[in-house]
Amino acid sequence: FTTLTNTVLTEFPVIPHLTLQLEGLMVTNTNKYPVFLFLLLAYVFILIANVGIVILIWTDRSLHQPMYLLFCNLSINDVMGNSLLIPRVLADILVPPSEHLIHYYECLMQAFTGHMFGTNSHTVLMIMAFDRYVAICNPLRYATIMNGKMVIKLTVSAWGVSFVLVAILLGLTIRLNRCRTLITNPYCDNPSLFKLSCEDVFINNVYGLAFTVILLSSSICSIILTYSNITAACLTSNSKSLNSKALKTCSTHLCLYLIMLASGLIPIALHRFPQFPEYRKISAILFYVVPGSLNPVIYGLQSQEILKCLSKLFHLKRVIPSL
């Protein structure tokens, strides 16, 4: 009996109260290193591209415009979200599933950062849409409205609203007692955490649903309203330069929004198909990786000012025509 007990304890180690186990990605030995390399290269690119754009905008005075300063929020958000997720996923890929252990407080921090990332993706793009609305629909008052104080107010509002909403979301989860330790995800999030409890989670489900509905409806309605007004302004204007400016800047912003929206809705849709758990896990990770990789590329390539600064920085000989 003693021998059997020791064998069971060896094969199934006792997990301390504050230690949780992540299910992680179920990758085979054949796919382990290609997946690891892909995520590593993606993470390095996200860091270099986003940090590089933020440094470029802050060091070049010609880029000290509301549009670029607001975009810095998106780059900072991408770096924050990916930095607390990808390194942990990379570490778990290289070790056996039994060693996918995470401390409860680290799990909470990861969940908080993940939900901040997702919420900020909406709120930051909403304030960027407001900036485009003022620039195109009220060009003569743009400098007056979008001054330094307004940029700071919009930035604080975007991050502040996200912080309050996510803090309440996780606050409702922290109050619950836990009776399980397995998180069936490659990383921690709020649903995974409150599923560890055996208590009634009705309030958590109601607030989580209300949170999602309010965020998505506010985000989508603000984008539709903004672009409806911009379209109306372009149709009633005979200015080709205004229409060209609207097409260029708004197409970039709309592209970023659609990428973020699609990356977030795919994992939600895959929850309806429990027979594909690995696809859901992969899509959940790509929700961080895809926008973080594409945002600086799309915005950088579409911005003549950023391209000009890069050309001066790297002493490129070709001259980029001005708008």
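Residues numbered from 1 in each chain as written. Predicted model: local features only at pLDDT ≥ 70, side-chain atom pairs only at ≥ 80, totals over all residues. Heavy atoms only, no water.

Under the convention used in this document: UniProt positions are given in the numbering used here, feature names are shortened, and annotations may be inferred rather than shown by experiment.
Per an unreviewed UniProt entry, the protein carries the name Olfactory receptor, family 70, subfamily B, member 1 and comes from Sander lucioperca. Here is the UniProt Subcellular location (unreviewed entry) comment for the protein, exactly as written: "Cell membrane".

### Structural notes on the overall build of the protein
Which entries qualify depends on this criterion: Strands are runs of DSSP state E lasting at least 2 residues, helices are runs of H or I lasting at least 4, and numbering of each runs from the N terminus. Accessible surface is estimated by sampling points in the Shrake-Rupley manner with a 1.4 Å probe; for residues, cover comes only from the protein chains shown.
Secondary structure assignment for the protein yields 12 helices and 3 strands. Accessible area for the protein stands at about 17300 Å²; split by element, carbon and sulfur atoms hold 70% of it.

### Here we look at the environment of Leu258
The following threshold applies: Only protein chains enter the accessibility calculation, which uses a 1.4 Å probe. A residue is then buried if its area is under 20% of the maximum for its type, exposed if over 50%, and partly exposed in between.
Note on placement: Leu258 falls in helix H10 (residues 240-270). Given the relative accessible area of 48%, Leu258 is considered partly exposed. Here the alpha-carbon distance between Leu258 and Pro291, two residues 33 residues apart in the chain, equals 9.8 Å.

### Remarks on the packing of helix H3 (residues 66-83) against helix H5 (residues 104-137)
The following threshold applies: To get an axis, fit a line to the C-alpha atoms, keeping to the stretch in contact for a helix; angles then go from 0 to 180 degrees between the N-to-C directions. Oblique is the label for any angle not under 35 degrees, not over 145, and not in the 65 to 115 range, which are roughly parallel, roughly antiparallel and roughly perpendicular in turn. Any two residues having at least one pair of non-hydrogen atoms within 4.5 Å are treated as being in contact.
Packing of H3 against H5 leaves a shortest axis separation of 9 Å and a crossing angle of 170°. Comparing the axis directions of H3 and H5 gives the class roughly antiparallel. Contacts between H3 and H5 involve Pro66, Met67, Leu70, Phe71, Asn73, Leu74, Asn77, Asp78, Met80 and Gly81 on the former and, on the latter, Thr113, Met116, Phe117, Asn120, Ser121, Val124, Leu125, Ile127, Met128, Asp131 and Arg132.

### Digging into the pattern of salt bridges
For the record, the criterion: We define a salt bridge as a side-chain nitrogen of Lys or Arg found within 4 Å of a carboxyl oxygen belonging to Asp or Glu.
Inspection of every chain in the model, using the stated rule, returns 5 salt bridges. Among the ionic pairs, Arg88 bridges to Glu106, the shortest N-O distance being 3.6 Å. Residue Arg88 is located in helix H4 (residues 86-93), and its partner Glu106 is located in helix H5; the two are separated by 18 residues in the primary sequence. What makes Arg88 buried here is its relative accessible area of 15%. Here Arg132 ties to Asp131 by a salt bridge, and the two come within 2.8 Å at their closest N and O atoms.

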